[in-house]
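Summary of the model geometry
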Amino acid sequence: MRVLVLGSGGREHALCWSIARSPLLRKLWCAPGNAGISQIAECLDLDPCDGGAVVAFCAREGVDLLVVGPEAPLEAGVSDAARAAGIRVFGPSRAAAMLEVSKTFAKEVCLAAKAPTAAHAAFGTPDLAKAYLTERGAPMVVKADGLAAGKGVVVAETTDEGLAAIDAIFDGPGGGAVVMEEKLVGEEASYFVLTDGETVLPLAGAQDHKRAFDGDDGPNTGGMGAYSPAPAFTDAIERRVLAEIVEPVLAEMRARGTPYSGVLYIGLMLTGAGPQVIEFNARFGDPECQCILPRLDTDLLPLLVACADGSLAGQRAAWKDAACLTVVVAARGYPGAYAKGEAIGGITAAEAAEGVTVFHAGTAARDGGIASNGGRVLGVTALGPDIAAARERAYGAVARIDWPGGFHRADIGWRAL
Ligand code: AMP
Ligand code: GLY
């Protein structure tokens, strides 16, 4: 098969790494990719959000499967443009990706599907939102309604914090509306399923670390590390999430005439009253993907094809009897301003350690070496017999990375240990 992956992060490196192992693969491209991906795929100078350019490339090169990594091309309608051109696509339509793109849409679907989630109200102007907050009082979760790269949410513990968050959202990129939510209390977990719209193939649970610094301190980020499986996400909870959330939400999407296919990411709060939806994403998590795919003991490529073709029934996923943990190494300053173009050494030495793979995120090739080219730069990933062992291997490998301008959390996995 000839496969094109869209995206340039650690998630896309992990997707390419898995696809590259498939005996069915003949040729792999990634647009635009990064320095790590370029070692296993041909990277293209192609805008992943330019549907016309993506379709033209797929038609010219006879691409058998288009895999959409991040959400931006979904929102830009690239999956629809490709499907309309007869190209097989792993990734939901723009209409189905609204589960991620619009928090108010996701809430409506949850309500219709009776999927448990925090009570909410949405407002189109700052004055109405502020009046609601002042009346109800803190704590309150304040969210931008549009995509804000994981940075559009403030859990306001005081009314003043909430008021400031409302102003920031109406002044910022996610701009048009604000969602105000009841604060849920519990442990967070991410859960991933593959679906062709009808059939669900459960993948795995994982736990991310969203804050920048040790002890879950500092600003929210895209994610600083993750592990899978997540001990808090038990088999009993998984069964409840499938029955109470995944199946009814997918049925509701079918009933609306916009069936959801691809990977569905369910962000959960494991509350005393059971699992509740925090958010949906229409893509794999990053860095969760990097610690889930190495555990998969089944060829990923036919599963992606089955999601695209509506033939997931009868497919199975086998898993290694192992845990996996990813430590993100980021540029100092992230998620704020940071430098780019700094030389990074030691990646080969890190990967020489047992069970270790270094997934690149924001990297570029330079002078025969690797240079930093983004906020989250590397995802140092290790498999091990359990989380403690995987963590020890991952941190042993992180210590071999030579990049004074980088930083990482030293406590990835603390919740599980
Ligand atoms: P989201 O972008 O919706 O995933 O929100 C980002 C983060 O904000 C989540 O990972 C949670 O840590 C937190 N959060 C979002 N919604 C809630 C909620 N209703 N209650 C408590 N924390 C929340
Ligand atoms: N790790 C969180 C996300 O991918 O949104």
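Above this text sits the structure in question.
Just so we're clear, the structure is a prediction, and the values are computed from it rather than from any experiment. (Residues numbered from 1 in each chain as written. Chains lettered and ligands numbered in written order. Predicted model: local features only at pLDDT ≥ 70, side-chain atom pairs only at ≥ 80, totals over all residues. Heavy atoms only, no water.)

Quick look at the packing of helix α6 (residues 103–113) against helix α9 (residues 235–255)
Definition in use: For helices, the axis comes from a line fit to the C-alpha atoms of the stretch in contact; other axes are also lines fit to C-alpha atoms, and the angle between any two N-to-C directions lies between 0 and 180 degrees. Only DSSP runs of H or I covering at least 4 residues are called helices, and only runs of E covering at least 2 are called strands; the numbering of each starts at the N terminus. Oblique is the label for any angle not under 35 degrees, not over 145, and not in the 65 to 115 range, which are roughly parallel, roughly antiparallel and roughly perpendicular in turn. In this description, contact between two residues means that some pair of their heavy atoms is separated by no more than 4.5 Å. Amino acids are sorted into nonpolar (Ala, Val, Leu, Ile, Met, Phe, Trp, Tyr, Cys and Pro), charged (Asp, Glu, Lys and Arg) and polar (every other residue, Gly among them).
Running from N to C, α6 and α9 point in directions that differ by 105°, and their axes come no closer than 9 Å. Classed by the angle they form, the pair α6 and α9 counts as roughly perpendicular. Facing Phe-105, Val-109, Ala-112 and Ala-113 of α6, the residues of α9 in contact are Pro-248, Val-249, Glu-252 and Met-253. By residue class, the composition of the contact of α6 with α9 is seven nonpolar, no polar and one charged.

Here we look at the site of ligand 2
As a reminder, the rule being used: For this purpose, a residue is taken to be near a molecule or strand whenever a single non-hydrogen atom of the residue falls within 4 Å of it. Any N or O atom pair separated by 3.5 Å or less is treated as a polar contact, with the protein-specific requirement of one donor-capable and one acceptor-capable atom, and with residues adjacent in sequence counted only for side-chain atom pairs. To be clear on the numbers: accessible area is Shrake-Rupley with a 1.4 Å probe, and residue cover counts the displayed protein chains and nothing else.
Asp-208, Gly-222, Tyr-265, Asn-281, Arg-283, Gly-285, Asp-286, Pro-287 and Glu-288 make up every residue found near ligand 2. One of the side-chain nitrogen or oxygen atoms of Arg-283 is found 3.0 Å away from an oxygen atom of ligand 2. One of the backbone N or O atoms of Asp-286 is found 2.9 Å from an oxygen atom in ligand 2. Here ligand 2 has 200 Å² of accessible area as a free molecule, and 88% of this is covered by the chains. Looking at side-chain class alone, the shell around ligand 2 contains two nonpolar, three polar and four charged residues.

Things to note about helix α2 (residues 51–61)
Note the threshold: For each residue, the accessible area found with a 1.4 Å probe, counting protein chains only, is set against the maximum for its type, and the residue is called buried under 20%, exposed over 50%, and partly exposed in between. The arc refers to the directions leading from the helix axis to the C-beta atoms.
For α2, the full list of buried residues reads Gly-51, Val-54, Val-55, Phe-57 and Cys-58. Mapping the buried residues of α2 onto a view down its axis gives an arc of 160°, with all of them on the same face. With respect to the buried face of α2, the exposed residues turned more than 90 degrees away are Gly-52, Ala-59 and Arg-60.

Quick word on the sheet that holds strand β4 (residues 65–68)
Filter applied, for reference: Paired strands, in this sense, are two strands between which DSSP finds at least two bridges.
Taken together, the five strands give an open sheet; going across it, the order is β3-β2-β1-β4-β5, and neighbouring strands pair in parallel fashion. The outermost strands of the open sheet, each flanked by one partner alone, are β3 (42–43) and β5 (89–90). Looking at chain direction, strand β1 (residues 2–7) and β4 are connected through four bridges and run parallel. Paired with Val-5 across the two strands is Val-67, which belongs to β4. The sheet strands contacting helix α1 (residues 10–20) are β1, β2 (27–32) and β4, and the helix crosses β1 at an angle near 170°. Packing of helix α11 (residues 300–309) onto the sheet brings it into contact with β1, β4 and β5, and relative to β4 it is tilted by some 95°.

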